[in-house]
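Examination of the molecular architecture
The chain contents come next:
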Amino acid sequence: MERRDKTNYYLDIAEVVSERGTCLRRNFGAIIVKNDEIIATGYTGAPRGRENCTDLNFCKREELNIPRGTHYELCRSVHAEANCIISASRKDMIGATLYLVGKDKKTGKLVENANSCSMCKRLIINAGIKNVFVRDTKNDFRKIDVDEWIENDDSLSNEPGY
């Protein structure tokens, strides 16, 4: 049996973290790793103490047929990347890598062309995270150099996220 490569190993863990998500549309899991040590995890869900969409059985964005990547202000959830970042110390995140996996709640399939939203991109930049790996298929992924987001400042507001 062939040993799993490290990138997919960490993406597998992020995928398991996504199973804690409480969104009725898409659930994401994120982990931050530095020096081969997981320093934080996060998943999509309502802020602590507030009811989750799965508890309410209701999604405002879905009811209004809001397309993917727009009008996040109508969402109850905090994104996986944000939850992950607020759980870690900035000094631990500088130079770290974030691994991100998303699954569609209805189909259970991986989210195609998944990407961090513009707000999460800003948080990732400010946290000092160096790279982001996003799972595309069970064994394929994209590596994003966060410096590219900084150099291409316009992309922070033009690309859809979840």
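Everything quoted here is computed from the prediction, not taken from an experiment. (Residues numbered from 1 in each chain as written. Predicted model: local features only at pLDDT ≥ 70, side-chain atom pairs only at ≥ 80, totals over all residues. Heavy atoms only, no water.)

**Here's the deal with the sheet that holds strand S2 (residues 37–43)**
What the 5 strands build is an open sheet, ordered S2-S1-S3-S4-S5; its pairing is mixed. Edge strands, defined here as strands with exactly one partner in the open sheet, are S2 and strand S5 (141–145). Shown here is a sheet whose adjacent strand axes are inclined to one another by a mean of 20°, direction ignored. In this sheet, S5 lies alongside strand S4 (residues 131–135) in antiparallel orientation, the contact comprising 5 bridges. Across the sheet, residue Asn131 finds its bridge partner in S5, namely Asp145. (Pairing = 2+ DSSP bridges. Helix = DSSP H or I, 4+ residues; strand = E, 2+ residues; numbered from the N terminus. Axes fitted to C-alpha atoms, helices over the stretch in contact; angles between N-to-C directions.)

**Things to note about the environment of Arg25**
Mapped onto the elements of the fold, Arg25 is located in the loop between helix H1 (6–18) and strand S1 (26–34). With a relative accessible area of 12%, Arg25 lands in the buried category. Among residues more than four places away in sequence, those in contact with Arg25 are Cys59, Arg61, Glu62, Ile66, Pro67, Arg68, Lys103, Asp104 and Lys105. Polar contacts involving the side chain of Arg25 include one to the main-chain carbonyl oxygen of Ile66, which spans 2.7 Å. (Buried < 20%, exposed > 50% of the residue type's maximum accessible area, 1.4 Å probe, protein only. Contact = heavy atoms within 4.5 Å. Polar contact = N/O pair within 3.5 Å; in protein donor to acceptor, adjacent residues only side chain to side chain.)

**Digging into the state of the cysteines**
Considering all chains together, one arrives at 0 disulfides under this definition. Distance from the sulfur of Cys75, which forms no disulfide, to the nearest cysteine sulfur (Cys23) is 5.7 Å. Residue Cys75 is classed as partly exposed on the basis of its relative accessible area of 23%. Unpaired in this structure, Cys84 has its nearest cysteine sulfur neighbour in Cys120, at a distance of 10 Å. (Disulfide = S-S within 2.5 Å.)

**So, the nonpolar core**
Counting residues in each nonpolar core, the largest one holds 22 residues, and the members touching the most others are Ile32, Ile85, Met93, Leu98, Ile124, Ile129 and Val132. Within the residue set of this core, elements represented by two or more residues are S1, helix H4 (80–86), strand S3 (97–104), helix H6 (118–127), S4 and helix H7 (146–151). Filtering out sequence-adjacent residues up to four positions away, Val132 remains in contact with Leu98, Ile124, Arg142, Lys143, Ile144, Val146 and Trp149. Membership of the second largest hydrophobic core comes to 9 residues, among which are Ile31, Val33, Tyr99 and Phe133. (Core = buried A, V, L, I, M, F, W, Y, C linked by side-chain atoms within 4.5 Å.)

**Notes on H1**
Taking 1.5 Å per residue as the helical rise, H1 with its 13 residues ought to reach 18 Å, and the 18 Å between its terminal C-alpha atoms agrees with that figure. Taken together, the buried positions of H1 are Thr7, Asn8, Tyr10, Leu11, Ala14, Glu15, Val17 and Ser18. Burial along H1 is one-sided: seen end-on, the buried residues are contained in an arc of 165°. For H1, the elements touching its buried residues are S1, S2, S3, S4 and S5. (Expected span 1.5 Å × (residues − 1). Arc of directions from axis to C-beta.)

**Points about the pairing of S3**
The buried count for S3 comes to 6 of 8 residues, which makes it a mostly enclosed element. Where S3 and S4 come together, 4 bridges link them in parallel fashion. Bridging across to S4, Leu98 finds its partner in Val132. What joins S3 to S4 is H6, and the crossover it makes is right-handed. (Right-handed = clockwise from strand over helix to strand, strands pointing away.)

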